[in-house]
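# Structural features, examined
Single-letter residue listing:
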Amino acid sequence: MHARAPFLLAAGVAAIAGSTLASGALSQVIWLLGALVCGAPLLVRMARARGAVAPAWRLVGAGIAVRLVADTVWSVEGLAGHGAVPFPSWNDLGYLVSYTLLIAGLVRSAGGRARAALLDASIVAAGVAVIDWMFLLHPYLHHTSIGRLALGLALVYPVCDLVVFAAAVRLLFTGAVRNPANRLVLAGIGLLLAANTIFFAQAATGTIRSVAPLDNALWLGSYLALGLAGLHPRLAGEPVAAPSGPEPVSPRRILLFGAATLLGPAATIVRLSGAHGALAPGEWKHLAVPAVLTGLLSVLLVTRLGGLARLAQHRLAELDAHGRRLAVALVERESLERQLRHGALHDPVTGLANRALLAQRMEWALSRDNPARRYALLLLDVDRFTHVNDAHGLGFGDEALTALAGRLRGLTAPGDTLARLGGDEFALFVEHGTADAATAREQAAGLAELLRAEVKAPLAAGGRVVHLAASIGLVDVEGHDPRAAIADAELALRAAKRGGRDRVVRYQPELRIAREAFTRISAGLRHAVERGELAVHYQPVVELPGARIVAVEALLRWSPPSGPVPPDEFIPVAEETGLIVPIGAWVLERACADARAWHERHGTSLTVNVSVRQLAEPGFADEVLGVLRRTGLPARALVLEITESVFAGDAEALPVSLERLRAHGVRIAIDDFGTGYSSLSYLHQLPVDILKIDRSFVPTGPEAAGDHAFTRAVLQLGSSRSLPAIAEGIETAEQAEVLHALGCRLAQGYHFAKPGPAHQIEDALTRLNPEPAVG
């Protein structure tokens, strides 16, 4: 509320009370001053905020301003005539102009959008028009004591009030009451119309118009309401926000329509009752006007009802359309939910079940605890499938997996669950129809072999044919925990891969024990270097027959606080986890540092084992050359031992890093020759410098003639290529004599010396190599 509103309200109430209690000229003066004071805020607001006030409000304000001028003229004429104002008078011109401006402003306020409100206002106005006819217009027509101009004005005023009333009702129906300033304006106009109606009803006869105290009070109340509206801050905006679409009829508006329809009959009854049942001759024809108005009201009501019916049909059509859209949306949602559920539980490439669905079905099956059923789980991993992706692309890889999934699906029973766990790994959960454990185990093993054979068969996909193999882990499921069964199958699968791939391994408890040992060893190896638990031992390589040391092989030893761990236990773990890379670098650095002095004093060479994981490192050659520079060991004194698996089936292809090291003088030896890919037929093609004959091919004694053939052939071919051979695992003097007789000049084994720390090698070199050896 504006700060000045209470003062204006007090002034208005005082003016109403003063004009009512006073009499004569004093009453007229108080009323005029009160009207000017109450209406002033609205006029000042309109003048000061011309650009901010909507045009419709400016018209309403102009109408009020003109009415104030007309009221001033009225008051002056009343004072001059001692309370009587002539009719017609100059003030009537101001009132007519005021009506014109008010009607224009109110109509413009509603705007052309409020058509339903216009029809509703017309219905109410038609009902009120009957009352105007009965009590205002009709009485004027029966008075012949006034002239034609006075009669015309007397008829125009009620008609103008009716139009203003209709425009105000229309504005009210458009939602103007939501704005407090609008409510005050409509209240002021309502009080004005009420005062006018009472005044015109009282002035239906005579040529001089007098004002009753009630009229003055209502007119001052009208100015007071308009003045309060002028103080309200929301007056500056648009006076109404008409609804953008068809507006339904509220219950209050329906009651208002009912009242409007009853006004005509009620006014007629009242009129007839006032005539005591007797009408003057010819007066019946004046009832034609109420009849016409009542008929017009009926037409308007029918029109409005028709509009409401169309609105209802429109809304019903919208609801139908919305219902259809909702039905389509529900169908689409259900379809999407099915797709999401399927996608959450199935592999997108092959359409098989995924890990989650496999676990669900396993849990459901195992929870039934049916003694007549036994279950098995097979995990299948396609061996070296990355080679297929590298050669033909990931797209072809997906096609191949999809084709393979179709093949595997053909081997499953209706109750089985075939799943893709990711990558090239599949799982098959099998429900046996037997309670016999032995039969179930046999069936599971047979199915595993069928799966392996199906994978090995030529596979056509994407216009190509590929040949695959698979490693399979099999577990006979016992208990109720799917996760434990999957973990056991993974252990069996890992064992199948470590065992050479393309095979089936059934889970045994020993696999879990081995895995626990693997985990324990890998955890210990991660910190073995920094804890000082690793050591390098050396085993001599001697020259036959004199046993002079020509080289030493560096061998890794691990002694954690729990006790020494054999190399054949921790080295495979280091290779599988990749720890062999940092550990191998540490061994190379330590061994080269120890061997430098031995090479300078005795000419001995150093052999160091290198794993495939180390060779796969991009900077391996740079690392070896860097170690040689730091330790000062010549490159010709270093021999790197590799296994035949490095060649990957190509006997003439040596890794680039080793070719680079050979170019710098580092020699390459094949360790455990004869146990891998190589054969005597292409021994002469191997790009190496030294052969180390595996202990399994070393003759056990002079009488073991069958053991001599392979060794003799290797030694003869090596000699023809000037390729030295070192026999490993010599444990007896007889073995050393046989090897020397066969032409072997270098040997290594417990017969000569066990692996030991550096100081033992120094003692042995001092004892056995008094002079520098050639190596």
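For the structure, check the block above.
One structure accompanies this document, and this report is about it. (Residues numbered from 1 in each chain as written. Predicted model: local features only at pLDDT ≥ 70, side-chain atom pairs only at ≥ 80, totals over all residues. Heavy atoms only, no water.)

## Focus: the pairing of strand β14 (residues 667–673)
- Among the seven residues of β14, five are classified as buried, and the element is accordingly described as predominantly covered.
- Taken together, the four bridges between strand β13 (residues 638–642) and β14 define a ladder with parallel strand orientation. Paired with Glu-641 across the two strands is Ala-669, which belongs to β14.
- Where β14 lies against strand β15 (residues 690–693), three bridges are found, and the strand directions are parallel. From the neighbouring strand, Ala-669 faces β15, where its bridge partner is Ile-690. (Buried < 20%, exposed > 50% of the residue type's maximum accessible area, 1.4 Å probe, protein only. Helix = DSSP H or I, 4+ residues; strand = E, 2+ residues; numbered from the N terminus. Pairing = 2+ DSSP bridges.)

## Things to note about the pattern of salt bridges
- Considering all chains together, one arrives at 24 salt bridges under this definition.
- The partner of Arg-355 in a salt bridge is Glu-490, and the shortest N-O contact between them spans 3.9 Å. Here the residue Arg-355 occupies a position in helix α11 (residues 355–367), and Glu-490 occupies one in helix α15 (residues 482–498), the gap between them amounting to 135 residues.
- According to the relative accessible area criterion, Arg-355 is partly exposed, its value standing at 36%.
- In this structure, the salt-bridge partner of Arg-630 is Glu-589, at a minimum N-O distance of 2.7 Å. You can see Arg-630 sitting in helix α20 (residues 620–631) and its partner Glu-589 sitting in helix α18 (residues 580–602), a full 41 residues away along the chain.
- Several salt bridges share partner residues, and in doing so they unite Glu-449, Arg-452, Lys-456 and Asp-502 into one network. (Salt bridge = Lys/Arg side-chain N within 4 Å of Asp/Glu carboxyl O.)

## Considerations on the layout of surface pockets
- By volume, the second largest pocket is sized at about 440 Å³.
- Taken together, 26 residues form the lining of the second largest pocket, with Pro-724, Ala-725, Ile-726, Arg-745 and Leu-746 sitting closest to its centre.
- It is helix α22 (residues 708–720) that provides the largest number of residues to the lining of the second largest pocket, a total of four residues. (1 Å grid on protein atoms, 1.4 Å probe; cavity = no way out; pocket = protein on both sides within 12 Å on 5 of 7 lines; lining within 4 Å. Points joined across faces, edges and corners; volume = space filled by probe spheres on them.)

## Side note on the environment of Leu-345
- Positionally, Leu-345 belongs in helix α10 (residues 288–345).
- Judged by relative accessible area, Leu-345 falls into the partly exposed class, the value being 22%.
- Between the alpha carbons of Leu-345 and Ala-356 there is a distance of 6.0 Å; along the sequence they are eleven residues apart.
- Filtering out sequence-adjacent residues up to four positions away, Leu-345 remains in contact with Leu-352, Ala-353, Asn-354, Ala-356, Leu-357 and Gln-360. (Contact = heavy atoms within 4.5 Å.)

Any functional reading would require information that these geometric values do not contain.
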